[in-house]
Every structure is written in C-alpha cells, then in structure tokens.
Amino acid sequence: MPDLGILGLVARLADPGTRREAAQSLARHLGADDLIVFVPDPELDLLLPALGFVQTLPSARDWRSFLAACISAGRHTGRLPFPDAGDTAYASGVAVEKTVLVLVGQAPDVTVPVECVVLLPLIGAAFRNEQAARIASAQSAVARQAAAEAMSLAAALDAVRRELQQALRVRDEFLASISHDLRTPLATIRGLAQLGVRQAGRIGTPEGARLAERLAIVDVAAGKMNAMIGDLLDLTRLETGRPLEITRQSVDLVALVQAVAQDYRHEDSLHGIAIDCAVPELIGGWDADRLERVLTNVLGNAIKYSPDGGEILIRVRSVPDDATDHQWAEVTVQDRGLGIPAADLPHVFERFHRGRNVVGRIKGTGIGLAGARQIVEQHGGSISASSVEGAGTTLTLRLPISDQGTAI
Amino acid sequence: MSGPILIVDDDAGMQTTLAAILEDEGYEVVIAADGIDALEKLTTIQPWLMLLDIGLPRMDGIALAAEMERRGLRAGIPIIVLTADGSVQQKAAKVGADGYVAKPFTLAQLLEQIDRVLASPND
C-alpha cells in the first residue's frame, strides 16, 4: 500500500454508485494483506458522537486516538473482504440509512500497526438485529461444527488407537501361538537328535561316530531355529517398548560359553575357536536361554564376518566394579575378520543397521546385536564393540553377578 | 524309585521323544494325552514323577494339577512342567511344580531337573 498519509474523510456515501466509486478508489490503494477494521453497528452509539469530530481531525494524535478507540473499545476487528459494489446485504444496509462513512487513515506516527480502513455502516435497527442474529447464528453454527469436528476427530483418533492396539495384540498373540506351535516339533527334533547322539556314540563303530556327529548338527540347527523364534518374539517386544520377562536362574557362564562354542565347532572348521577362562566357573542369576542366544549371536557374528577364517578368541573373567564392591562377569569375543567401519561402529547395536562393508556381501538382518543389547541391558549389563576395519572386531559383554538368582 | 514316570503331553512326537529319553535312562514310563486321561491313569498307577505339558485338550496342565490336589493325589507326586509357552516359569508357579523345563529342551536340562527331584526329600 502506498503511503497515503491522512486522507481524512474520503466520502460520505448517499447511494450505491458513489459507494462503488469510493470502493474502487480504495481498492486501488489497498493490497490483499491490508487489515480492514470493520466496526459493526453495536458500536455506533459510541462512535456517532465522534463522527462529527472525525471530519475535523486536525492532527495525527487525533487520528491515533480515534483509531485506538475503535479498536480498543471491543470493536469487531479483523480481516474482512472489502465490500463489493454488488454486495446486496451491504447495499440494503446502505439503502436503509443512506449513509456509509468510509475512513482511510494512516497517520505518520500512528502506532496502530497497520494501515486501517474503518467502515462505519450507519444502518437501521431492523437490519442491525437481522445482522446480529445472522452473526450469532453463524457463530454458533461454526462453534457447533467445530465442536462436532473436534469430537469426531477425537473419536476417530481413539478408534485408530484402539484398532492399532488390537492389531498389535492380534499380532503378538499370533506370534506367541505360532512360536509355541513351532517349538513343539523342535522339541521332538532336538530331543531325539540328542538321544540319537548318545545312543549312536555307544555303538562304538566309526559309522556310529559319524551318525552321532550328524545328529549333533541336526540338534544345533534346531537350536538355532529355536533361538530365531525367541529373537522374533523379543523383537516385537522391543518394537512395542515392552520389557522382556527375564527368567533368572543360576547359570554358569563358563559352561554356557563352552557349550555354545562346542555347538559351533560341530559345523565350523574354518575358524579355530579358543576359550580362555580366568576362572573355572562363573555363576550368576541370569536368563540362561536368552544369554545363550546372546552368546550364539555374538559368536555367530564373529564366524560370519571373518569369512577368511582366523582364530576366534573368547575370554571369560570376572572384573571388579570401579565404584562398588560388585563383580562383573565379562565375556569378550575377538575375531580377525572384516571389522566394522568407524562410521558404523556407533550404530551396530541399532536395529536393522548393518556395516557398509558387509551389506550385499554377507547375509544378515541387522537385528541380532540389537536383540543382544536388549537382553544384556535388561540384566543390568552392557555390551560394546571395538573394531578396526580389515583387522577384526572385539565384542565385550558385561553382566552383573551380585544378583544371584536361584533355580526353583 | 519305584513306579513309572507319568508323561502328560498331547503331542505324539513329544510322547515318543520323552519316552525314548527316559527309557534310555532306565525309567519306566506311562503316557497320558491330556488331563482327563492322566486322572484315569492315576487310578491304576502310582508314578513317582510327572512330566506335565500345560496346553492340553479337554483338561490342561494347570486344571489337572488343581484336580489332583482336590482328589488328594497331588502329594507324593513331584511335577516337572514342560512347555513351549514363553512364560514357563509362571506356568510352573501356577501348578506349584517342583521343576520346569522349556521346550525345546536339551537332554542335560531335562535329566538335571529329574535328578534334582530325585535328590530332594520326598514329600
């Protein structure tokens, strides 16, 4: 809008034609963003005495007072479309009282923040009442609609939330049921395979020994399937932010590490798996199955990500806590494999994150270590990785051993 | 220990597996397919141990333990719960079991639980 200065009284409009002229004149000066202050009829009583005064406003100070009075006296202010010449409602108002006062003002030091157009319709009581009723009805309709919309939105949101919860419950129930159904035949496979290992070993012939060896592989494979089912169940818990139900019992970490390593020795001849235990046994109150899965996972990674072989060294020891007199059980698994790029190292325990040096080269899902971390942390322990790309990785897990559970 | 071990499991593969493992250890076994079947068997045999699955048709493991309690059959028969449910420990607690093993189990886990029950004073 150009700097209009004080235009003062633009027009006293007695008929629509003159009003149209004034409107067109104003429209030339007004931009789309200009604020129009529209003072509707309830304020007329207040303002009417001022009208005569307006015509003789001599100074910016008077303009400011007048405009401030318009705005601060609780007038309806806001952005309204400039009345068009064909606006019949407006025109009928004009017709009733024959007079519309249009003021355009912008005083040089007026503190009213924007250019203002003040339209004062001088209209009859009947039109005023009708207008007021229309406004009130429009306002209540708007309010009713807004309330109805808010309620239906809240209801819709609630319904979506319920559906989502229902879907999650259905999925969890499905997973629980399917994992139960998968584990039952796995129990048969493992049980008979293990019994077969034992009985074939008793045969005492090379053939019996070979049979035992193969049945041991069947058992290990079934054990891995079972671990995957467990991972899948835990993963959904991780996803929905629910804690795992840790089942603590007395576990000898040394024996567990040896058993897991032995399982891998059955099927992997490329790597030498060496175990260095500082203590003959290391007993704590842990969830044996889940801990076995963590070790299976970590050792499995060490094997998987050193495709060219090389020794894998597992160390088990107990280390004192720096701050308390508690002891930590510590297991480190060190390989001489591909390693983890420095940029990926901080993210290896995040779900679905995989090192850029192995994506597309070695199969994997990126959930193993995320699950391992979840299990270790819910035991009150920690897991960390250090690595030099191309030289190998060392995974370190620490578990508190002060909290000794007992088997029932 | 005199008398058989009562296996209560509805899965045929599991029945065969448990029977084979226990017979290999020199135990005598009797198999029941569900709680109703087990109650019938209990009228004619006196097992010294029961291996109990939880999810069973007609009468499940928890209901069977409660019914045995009601009929005064529960005392003197230690129970080891075997289940593929995720919450084996809670299920075992509900039954008031003397031990539990999650399916799939290792031979060592199963035999260790049995040995532990064997070693504990009989109530």
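A. Seen up close, the pattern of salt bridges. Taken as a whole and assessed by the stated rule, the structure comprises 19 salt bridges over all chains. Between Asp24 of chain B and Arg198 of chain A there is a salt bridge, and its shortest N-O distance comes to 3.9 Å. With Asp24 of chain B in helix α1 (residues 12-24) and Arg198 of chain A in helix α5 (residues 125-203), this residue pair bridges two chains. With a relative accessible area of 29%, Arg198 of chain A lands in the partly exposed category.

B. Geometry of the confidence of the model for chain B. Residue and element names in this part refer to chain B. Summing up the model confidence of chain B, the mean pLDDT is 88 and the portion of residues at 70 or higher is 97%. Ranking the elements of chain B by mean pLDDT puts helix α4 (residues 88-95) last, at 82, and strand β2 (residues 29-32) first, at 95. ipTM for the predicted complex: 0.86, alongside a pTM of 0.54.

C. A look at the interface of chain B and chain A. Residue-level contacts link 27 residues of chain B with 21 residues of chain A. Carbon and sulfur atoms make up 55% of the area that chain B and chain A hide from each other, which totals about 2100 Å². Broken down residue by residue, the surface that chain B buries against chain A is led by Asp24, Pro104 and Leu107 of chain B, which jointly contribute 28%. Across the contact surface, chain B and chain A share three salt bridges.

D. The arrangement of the pairing of strand β3 (residues 49-52) of chain B in detail. Residue and element names in this part refer to chain B. Neither face of β3 is exposed, since Leu49 and Leu51 on one face and Met50 and Leu52 on the opposite face are all buried. As paired elements, strand β1 (residues 5-8) and β3 share four bridges and run parallel to each other. For Val8, the partnering residue across the bridge sits in β3 and is Leu52. Tracing the backbone out of β3, into helix α3 (residues 61-70) and back to the parallel element strand β4 (residues 79-83) gives a crossover that is right-handed.

E. The sheet that holds strand β10 (residues 382-388) of chain A, seen in detail. All names here are of chain A. One open sheet holds the five strands; their spatial order is β6-β8-β9-β11-β10, and the pairing between them is mixed. Since the sheet does not close on itself, it has two edges, and those belong to β6 (273-277) and β10, each with one partner. Put simply, the sheet's adjacent strands are angled 15 degrees from each other on average, direction ignored. Packing of helix α9 (residues 368-378) onto the sheet brings it into contact with β10 and β11 (392-400), and relative to β10 it is tilted by some 140 degrees.

F. Seen up close, the layout of surface pockets. Residues and elements named next belong to chain A. Roughly 950 Å³ of volume is contained in the second largest pocket. Lining the second largest pocket are 36 residues, and of these Asn297, Asn301, Lys304, Tyr305 and Gly368 sit closest to its centre. Residue assignment for the lining of the second largest pocket shows that the elements contributing at least two residues are α6 (206-239), α7 (253-267), α8 (288-304), α9 and β11. Of the residues assigned to the lining of the second largest pocket, the class counts are 15 nonpolar, 13 polar and eight charged.

About the thresholds
- Residues numbered from 1 in each chain as written.
- Chains lettered and ligands numbered in written order.
- Predicted model: local features only at pLDDT ≥ 70, side-chain atom pairs only at ≥ 80, totals over all residues.
- Heavy atoms only, no water.
- Salt bridge = Lys/Arg side-chain N within 4 Å of Asp/Glu carboxyl O.
- Helix = DSSP H or I, 4+ residues; strand = E, 2+ residues; numbered from the N terminus.
- Buried < 20%, exposed > 50% of the residue type's maximum accessible area, 1.4 Å probe, protein only.
- pLDDT = per-residue confidence, 0-100.
- Contact = heavy atoms within 4.5 Å.
- Buried area = accessible area lost by both parts, 1.4 Å probe.
- Pairing = 2+ DSSP bridges.
- Right-handed = clockwise from strand over helix to strand, strands pointing away.
- Axes fitted to C-alpha atoms, helices over the stretch in contact; angles between N-to-C directions.
- 1 Å grid on protein atoms, 1.4 Å probe; cavity = no way out; pocket = protein on both sides within 12 Å on 5 of 7 lines; lining within 4 Å.
- Points joined across faces, edges and corners; volume = space filled by probe spheres on them.
- Nonpolar A, V, L, I, M, F, W, Y, C, P; charged D, E, K, R; others polar.

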